[in-house]
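Residue-level listing of the chains:
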Amino acid sequence: NKILRGSVDALSEEIKFSKINYYVKKHGFSNDAPVEMIDEIANENDIVLTAIGDCGSCCSCCIRDAVALEDRGIPTAPIITSEFVNETKLTRVAIGMPGLTPVVIDHPVSSITGDEVLQRVKIIKEQAQEVWLGQCKDI
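Residues numbered from 1 in each chain as written. Predicted model: local features only at pLDDT ≥ 70, side-chain atom pairs only at ≥ 80, totals over all residues. Heavy atoms only, no water.

Asker: What's the story with the overall build of the protein chain in this structure? I'm lost.
Answerer: Of the regular secondary structure elements, the protein chain holds five helices and three strands. Listed by position from the N terminus, the elements making up the protein chain come as α-α-β-α-β-α-β-α. Relative to its length of 139 residues, the protein chain is compact, with a C-alpha radius of gyration of 14 Å against a globular reference of 14 Å. With the C-alpha coordinates aligned to their principal axes, the bounding extent of the protein chain is approximately 35 × 35 × 30 Å. Put simply, the protein chain has 139 residues, and 42% of those count as buried. Nonlocal contacts in the protein chain, meaning residues at least 24 apart in sequence, comprise 70% of its contacts between residues at least 6 apart. Counting every atom, the protein chain has about 7800 Å² of accessible surface; 50% of that belongs to carbon and sulfur. (Helix = DSSP H or I, 4+ residues; strand = E, 2+ residues; numbered from the N terminus. Rg over C-alpha atoms; globule rule 2.2 N^0.38 Å. Buried < 20%, exposed > 50% of the residue type's maximum accessible area, 1.4 Å probe, protein only. Contact = heavy atoms within 4.5 Å. Areas by Shrake-Rupley, 256 points an atom, 1.4 Å probe, with all protein chains shown as cover.)

If you want it as structure tokens, here you go:
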């Protein structure tokens, strides 16, 4: 939560968002978002930052949610940690969207200091904009 909200604050320094929405209705990080939630997000947003893939099952769910949003035409920047880059590549290929590029931050995230949160936020700020604009290099 600190990383995601910190990233939104940092991005807001450069981007004038008309509205920022947070969705916390998911029944667990290791579950795909329900179709109704994906539809709601797609209908209410022009771009999406989704987080966070920092374990095996939540990483694949984060990527599957991002693919579902991309399939609806919404540029989506899924955040994963460096520990799960290979799993992310496999998931993207397996579900038919090998070109989806995630934002990659250092692992772990659950036990980091405030300074480490800020370091990761800085990376997310840079990479998310590149993902949304299609200007990033694949992992």
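Asker: Looking at this structure, I do not really get the layout of surface pockets. What am I missing?
Answerer: In this structure, the largest pocket encloses a volume near 1200 Å³. Lining the largest pocket are 44 residues, with L4, Y22, L49, T50 and A51 positioned closest to its centre. (1 Å grid on protein atoms, 1.4 Å probe; cavity = no way out; pocket = protein on both sides within 12 Å on 5 of 7 lines; lining within 4 Å. Points joined across faces, edges and corners; volume = space filled by probe spheres on them.)

Asker: I'm lost on helix α4 (residues 85–94) in this one. Help?
Answerer: An α-helical turn contains 3.6 residues, so any two residues separated by three or four positions project in the same direction. If you check which residues of α4 are buried, you get V85, T88, T91 and R92. The buried side chains of α4 occupy one side of the element, clustering within an arc of 120° when seen end-on. In α4, those exposed residues whose orientation departs by more than 90 degrees from the buried face are N86, L90, V93 and A94. Of the residues one or two after α4, G96 is the one with positive phi, at around 85°. (Arc of directions from axis to C-beta.)

Asker: Before we go on, may I ask you to explain the packing of aromatic side chains in this structure?
Answerer: What characterises a pair of aromatic rings is the spacing of the ring centres plus the angle enclosed by the ring planes. The full count for this structure, using the stated rule, is zero aromatic pairs. Across from the ring centre of Y22, 3.8 Å away, lies the NZ or CZ of R5, which sits over that ring. (Phe/Tyr/Trp six-rings, centres within 6.5 Å; stacked < 30°, edge-to-face > 60°. Lys NZ or Arg CZ within 6 Å of the ring centre and 35° of its normal.)

Asker: Teacher, can you tell me more about the packing of helix α1 (residues 2–12) against helix α5 (residues 114–133) here?
Answerer: How two helices pack is summed up by the angle between their axes together with the distance between the axes. The N-to-C vectors of α1 and α5 enclose an angle of 60°; their axes lie 9 Å apart at closest approach. By the criterion of interaxial angle, the relationship of α1 to α5 is oblique. The element α1 and its partner α5 pack so that their crossing is right-handed. Judged by residue contacts, K2, I3, G6, S7, A10 and L11 of α1 engage V117, R120, V121, I124, K125, A128, Q129 and W132 from α5. (Axes fitted to C-alpha atoms, helices over the stretch in contact; angles between N-to-C directions. Parallel < 35°, antiparallel > 145°, perpendicular 65-115°, else oblique. Left-handed = near helix turned anticlockwise from the far one by under 90°.)

Asker: Any chance you could explain α5 here in plain terms?
Answerer: For α5, built from 20 residues, the straight-helix expectation of 28 Å at 1.5 Å per residue is met to within 8% by its first-to-last C-alpha distance of 29 Å. Looking at α5, one finds that the buried residues are V117, R120, V121, I124, K125, A128, Q129, V131 and W132. All buried residues of α5 fall inside an arc of 160° around its axis, so they share one side. Facing away from the buried side of α5, by more than 90 degrees, are the exposed residues D115, K122 and L133. (Expected span 1.5 Å × (residues − 1).)

These results come straight from atomic positions and should not be treated as a statement about function.
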